[in-house]
Amino acid sequence: MTKKKISQPTAKNRKATKPAAKKKPAGRGAGGKGKSKSGARTKKPVVRQVRAALPDLPALRPGEERERRESLASGKAAIAAALDKKAVEPVLIDVCGRASYADFIAVVSGRSDRQVDAIADGVCEAMAARGRRPIGREGARNGRWVLIDFGDVVVHVFYHPLREVFDIESLWIDAPRVKLQIPAEARADAAPGRDTLT
């Protein structure tokens, strides 16, 4: 009785196989007319269903978690400095893992052009006390919109009626908001003042 030697498949003795043809998805394809193979009409996906199907963000490593906590503390410090200068409607948006340029976006408003500049200066002073210098500042001294970039935190200071026009918050509608302790006088409808340029 002789033993038959079984050889491992190699490139020479392997059968040539064709790659499987890709199937076209059911729906609107060539001649599909929005019907699946069974003939039933397919529904178009709803935006809510698509958002619900998005994967969760990956978990952060310990070093990244520490950096994120530091960024959150910086964002809260920027909001606190803005509130010291009587800013209204502060919002801190967590864009960690969603934006490549920052971890948090702070948005605040001033009721006049001078107040917008004072808020921006106050935020820069408070961050300098924490050892943070802005890497960029745009719109200074125009009193309408000042953007201050601290790297991991970006601060937008708007003249309040202009903030409603640009509506930065709606760009990040799916990003979570950080819960803040907001005093009653920091609400736009509660605080007295005029919304005119001075």
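Just above sits the structure.
Keep in mind it's a predicted model, so treat the numbers as computed, not measured.

Colleague: Break down the overall build of the protein for me, with residues and values.
Modeller: Summing up its helical and strand segments, the protein has four helices and five strands in all. Reading the protein from its N terminus to its C terminus gives the helix and strand order α-α-β-β-α-β-β-β-α. Within the span of the protein, comprising 198 residues, buried residues form 33% of the whole. Across the protein, the fraction of contacts at a sequence separation of at least 24, relative to all contacts at a separation of at least 6, is 60%. For the protein, the computed accessible surface area is about 14,100 Å², with 54% contributed by carbon and sulfur atoms.

Colleague: Any details on the sheet that holds strand β5 (residues 153-159)? Residues and values, ideally.
Modeller: Across the sheet, five strands lie side by side as β1-β2-β5-β4-β3; this open sheet has mixed pairing. Edge strands, defined here as strands with exactly one partner in the open sheet, are β1 (88-94) and β3 (136-138). The mean angle between the axes of side-by-side strands here comes to 10°, regardless of whether they run parallel or antiparallel. When β3 meets strand β4 (residues 145-149), the two strands line up antiparallel, connected through three bridges. Each residue of the ladder has a partner; that of Glu138, found in β4, is Leu147.

Colleague: So, the nonpolar core: which residues are in play, and what are the values?
Modeller: Val108, Ile119, Val123, Ile148, Phe150, Val155 and Val157 are the most contacted members of the largest nonpolar core, which totals 27 residues. The set of elements that each furnish at least two residues to this core consists of α2 (62-84), β2 (104-110), α3 (113-129), β4 and β5. Setting aside residues no more than four positions away along its own chain, Val108 makes contact with Ile79, Ala82, Ala87, Val88, Glu89, Pro90, Ile119, His156, Val157, Phe158 and Arg163. Among the nonpolar cores identified, the runner-up in size contains 10 residues, and Val91, Ala99, Ile105 and Trp172 belong to it.

Colleague: So what's going on with the packing of aromatic side chains? Which residues, and what values?
Modeller: Counted by the stated rule, this structure contains three aromatic pairs. Taking 4.7 Å as the distance between ring centres and 45° as the angle between the ring planes, the aromatic pair formed by Trp145 and Phe166 counts as tilted. Separated by 21 residues along the polypeptide, Trp145 in strand β4 and Phe166 in helix α4 (residues 160-166) bring together distant segments of the chain. Given the relative accessible area of 26%, Trp145 is considered partly exposed. Of the aromatic side chains, those joined through ring pairs into one cluster are Trp145, Phe158 and Phe166.

Colleague: Help me get a handle on the pattern of salt bridges, residues and values and all.
Modeller: Taken as a whole and assessed by the stated rule, the structure comprises six salt bridges. Where Glu70 meets Arg66, a salt bridge forms, and the shortest distance between an N and an O atom there is 3.7 Å. Of this pair, Glu70 and Arg66 are both found in helix α2, four residues apart, which corresponds to roughly one turn of the helix. Residue classification places Glu70 among the partly exposed positions, given a relative accessible area of 44%. With its nearest N and O atoms 2.4 Å apart, the salt bridge here joins Glu169 to Arg163. Overall, Arg163 belongs to the buried group, its relative accessible area being 6%.

Thresholds, definitions, all that
- Residues numbered from 1 in each chain as written.
- Predicted model: local features only at pLDDT ≥ 70, side-chain atom pairs only at ≥ 80, totals over all residues.
- Heavy atoms only, no water.
- Helix = DSSP H or I, 4+ residues; strand = E, 2+ residues; numbered from the N terminus.
- Buried < 20%, exposed > 50% of the residue type's maximum accessible area, 1.4 Å probe, protein only.
- Contact = heavy atoms within 4.5 Å.
- Areas by Shrake-Rupley, 256 points an atom, 1.4 Å probe, with all protein chains shown as cover.
- Pairing = 2+ DSSP bridges.
- Axes fitted to C-alpha atoms, helices over the stretch in contact; angles between N-to-C directions.
- Core = buried A, V, L, I, M, F, W, Y, C linked by side-chain atoms within 4.5 Å.
- Phe/Tyr/Trp six-rings, centres within 6.5 Å; stacked < 30°, edge-to-face > 60°.
- Salt bridge = Lys/Arg side-chain N within 4 Å of Asp/Glu carboxyl O.

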